[in-house]
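Letter by letter, the chains look like this.
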Amino acid sequence: MRRRPRAQALELGGRTLSPATLMMGHGYDPALSEGALKPPIFLTSTFVFENAAAGKRFFEGVTGKRPGGGDGLVYSRFNGPNQEILEDRLGIWEGAEEALTFSSGMAAIATVLLALVHPGDVIVHSAPLYAATETLIGRILGRFGVKWLDFPAGATREEIDAVLERAKGMGRVALIYLESPANPTNQLVDIEAVAAARDALASESKVPIVIDNTFLGPLWQLPLKHGADLVIYSLTKYAGGHSDLVAGSVVGAKAIVDPIRAMRNTIGTITDPHSAWMLLRSLETLELRMSRAGENAVKVCEFLRGNAKVEQVGYLGFLEPGSRQADIYKRHCTGAGSTFSLYLKGGEREAFAFLDALKIAKLAVSLGGTETLASAPAAMTHLSVPDDRKAALGITDNLVRISVGVENADDLIADFDQALAAV
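Below, the structure is looked at part by part.

A word on the side chain of Asn186
Item 1. Within the secondary structure layout, Asn186 lies in the loop between β6 (173-179) and α7 (191-200).
Item 2. When neighbours within four sequence positions are excluded, Asn186 is seen to be in contact with Pro181, Phe215, Gly314, Tyr315, Leu316, Gln325, Thr339, Phe340 and Ser341.

What follows is the structure, given as structure tokens:
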């Protein structure tokens, strides 16, 4: 039989070890790699079976003829050492039974939808979503008769109930897809209210709740604790954290992850070994990077809020006490994050003037990297969204999305100060 990694210590003396500690070695046994402290990069397309019976056993698991899935390594479209170590560590952050990694965040989303949605089904989702996600649901799956209904990110239980009831009349509700905070408005979704509405929905089977947790996870929000069944990440963002790779993941219970794994095996959307290895490096400093970026964001947003050329700062640390968003934040979140929406007084001209004047912050899409990034969603990431829908969702021409990095906070404030002077 193939040698297995030695048992991993998850607690010591009754103390549960923190994810930040486990990122340094969990899931990896140096004895299996010539004593190397860090996992090597396993650049191989296929793996040698110990004997023919082992090969048969693997394919029995992969094809479903034997319960339990594939046992061992066979081919890099299915799995590999780097990917398996990475998946073990990703699951630690949210206490998930299983984790899968993918070649991009959108590959993760697409694979989940292909695994869980059938022609003619209905998807209920929060709004807004990342534009590519909306395109995938509305335009691409729409070709196969898939329908959708949405509710605003801050919807109440009653509003969610009403949408789910309407959706039930349109066909089988395949899943409820959430994005919280919403991209790019930073509005929160009440996951607990969605779960309660789902549980009250009369249906033949439990409708899974899937959430994109890229903006706050896994440090500032843990959706599985609030009723979500599956959590999706663009690992390109905070988990990767250095703007040098593209990857995605899903974490959740084994029962819901298994069919997604089978779909990934078929269509080949797994992370490549090199990206998986880079992510293992990045996870070691995830807590440090996110904490520093969050501390910087507090200082930057305090400065921006007081500027005469700023209409509003959509930062979770500034939610009005007693408001619905503040209530959701108090129940769901442990931190305000480092990505926020900045509404300037004016329109596209003012937004572009601000962006073009930046010296330290980079004018680029994406978020969660060590460097500060800024973009204009209405003209860039969400350009394909119809104008009337952008207006309804608050994706206006004067909106600038900012992701604060780990630079010196005072230097960033100086940069934003001179950029606002150019508006």
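So, a nonpolar patch on the surface
Item 1. A surface patch of nonpolar side chains, amounting to about 310 Å² of accessible area, comprises Phe352, Leu363, Val365 and Met380.
Item 2. Relative to the helices and strands, Met380 is located in the loop between β13 (373-375) and α13 (387-393).

Details of the state of the cysteines
Item 1. Within this structure, the stated rule accounts for zero disulfides.
Item 2. Looking at the unpaired Cys301, the closest cysteine sulfur is the one in Cys333, lying at 15 Å.
Item 3. Residue Cys333 is classed as buried on the basis of its relative accessible area, which comes to 11%.

Things to note about the side chain of His332
Item 1. Inspection of the secondary structure assignment puts His332 in helix α11 (residues 324-332).
Item 2. For His332, a relative accessible area of 4% corresponds to the buried category.
Item 3. Sequence-distant contacts of His332, that is, excluding residues within four places in its chain, are made with Val189, Asp190, Ile191, Glu192, Trp220, Gln221, Leu222 and His226.

Examining the pattern of salt bridges
Item 1. Summed over the entire model, instances satisfying the criterion amount to 20 salt bridges.
Item 2. Of the charged contacts in the structure, one is a salt bridge between Arg389 and Asp150, with a shortest N-O distance of 2.6 Å. Placement of the pair is Arg389 in helix α13 and Asp150 in strand β5 (residues 147-152), with a sequence separation of 239 residues.
Item 3. On the accessibility criterion, Arg389 (19% relative accessible area) is buried.
Item 4. The shortest N-O distance in the salt bridge between Glu302 and Arg305 comes to 3.3 Å. Taken as a pair, Glu302 and Arg305 lie in helix α10 (residues 286-305) at a separation of three residues, close to a single helical turn.

Points about the sheet that holds strand β11 (residues 339-344)
Item 1. Read across the open sheet, the five strands follow the order β10-β11-β14-β13-β12; overall the sheet is mixed. Lying at the two open borders of the sheet, with one neighbouring strand each, are β10 (310-314) and β12 (362-363).
Item 2. Pairing between β11 and strand β14 (residues 399-403): five bridges, direction antiparallel. Paired with Tyr343 across the bridge in β14 is Leu399.

Section: α11
Item 1. By the burial criterion, the buried members of α11 are Gln325, Ala326, Ile328, Tyr329 and His332. For α11, the angular spread of buried residues about the axis comes to 160°, placing them on one side.
Item 2. Contacts from the buried residues of α11 go to α7.

Concerning the packing of aromatic side chains
Item 1. Enumeration over the complete set of coordinates arrives at seven aromatic pairs.
Item 2. Relative to Tyr238, the ring of Trp220 lies with its centre 6.1 Å away and its plane at 85°, an arrangement referred to as edge-to-face. Residue Trp220 is found in the loop between β7 (209-212) and β8 (230-234), and its partner Tyr238 is found in the loop between β8 and β9 (248-252); the two are separated by 18 residues along the sequence. Here Trp220 and Tyr238 have matching classes, each one buried.
Item 3. Ring geometry for Tyr315 and Phe318: centres 5.0 Å apart, planes at 80°, overall edge-to-face.
Item 4. Judged by relative accessible area, Tyr315 falls into the buried class, the value being 5%.

So, the packing of helix α4 (residues 105-116) against helix α5 (residues 131-140)
Item 1. Contact pair α4 / α5: the axes reach a minimum separation of 11 Å and the direction vectors enclose 25°. Judged by the angle between their axes, α4 and α5 are roughly parallel. Once α4 is placed against α5, the crossing between them reads as right-handed. Contacts between α4 and α5 involve Met106, Ile109, Ala110 and Leu113 from the first element and Ala132, Thr133, Leu136 and Ile137 from the second.
Item 2. Taken together, the residues of the contact of α4 with α5 break down into seven nonpolar, one polar and no charged.

What about the nonpolar core?
Nonpolar side chains in soluble globular proteins generally cluster together in the buried interior.
Item 1. With 88 residues, the main nonpolar core has Phe340, Leu342, Phe354 and Ile402 as its most contacted residues.
Item 2. Of the residues forming this core, the biggest block, six residues, is contributed by α10.
Item 3. For Phe354, the contacting residues outside a window of four places in its chain are Leu342, Leu344, Val400, Ile402, Phe416, Ala419, Leu420 and Val423.

What about the layout of surface pockets?
Item 1. Estimates place the volume of the largest pocket at around 1500 Å³.
Item 2. Lining the largest pocket we find 50 residues, and of these Arg4, Asn79, Glu84, Ile85 and Asp88 sit closest to its centre.
Item 3. Contributions of two or more residues to the lining of the largest pocket are made by α1 (19-22), α2 (52-63), α3 (81-94), β3 (98-102) and α8 (254-267).
Item 4. The leading source of residues in the lining of the largest pocket is α3, at seven residues.
Item 5. A per-class count over the lining of the largest pocket returns 20 nonpolar, 14 polar and 16 charged.

Calculation notes
- Residues numbered from 1 in each chain as written.
- Predicted model: local features only at pLDDT ≥ 70, side-chain atom pairs only at ≥ 80, totals over all residues.
- Heavy atoms only, no water.
- Helix = DSSP H or I, 4+ residues; strand = E, 2+ residues; numbered from the N terminus.
- Contact = heavy atoms within 4.5 Å.
- Patch = residues over 30% accessible without salt bridge, like charges linked within 9 Å, V, L, I, M, F, W, Y side chains within 5 Å.
- Areas by Shrake-Rupley, 256 points an atom, 1.4 Å probe, with all protein chains shown as cover.
- Salt bridge = Lys/Arg side-chain N within 4 Å of Asp/Glu carboxyl O.
- Disulfide = S-S within 2.5 Å.
- Buried < 20%, exposed > 50% of the residue type's maximum accessible area, 1.4 Å probe, protein only.
- Pairing = 2+ DSSP bridges.
- Arc of directions from axis to C-beta.
- Phe/Tyr/Trp six-rings, centres within 6.5 Å; stacked < 30°, edge-to-face > 60°.
- Axes fitted to C-alpha atoms, helices over the stretch in contact; angles between N-to-C directions.
- Parallel < 35°, antiparallel > 145°, perpendicular 65-115°, else oblique.
- Left-handed = near helix turned anticlockwise from the far one by under 90°.
- Nonpolar A, V, L, I, M, F, W, Y, C, P; charged D, E, K, R; others polar.
- Core = buried A, V, L, I, M, F, W, Y, C linked by side-chain atoms within 4.5 Å.
- 1 Å grid on protein atoms, 1.4 Å probe; cavity = no way out; pocket = protein on both sides within 12 Å on 5 of 7 lines; lining within 4 Å.
- Points joined across faces, edges and corners; volume = space filled by probe spheres on them.

These values are about where atoms sit, not about what they do.
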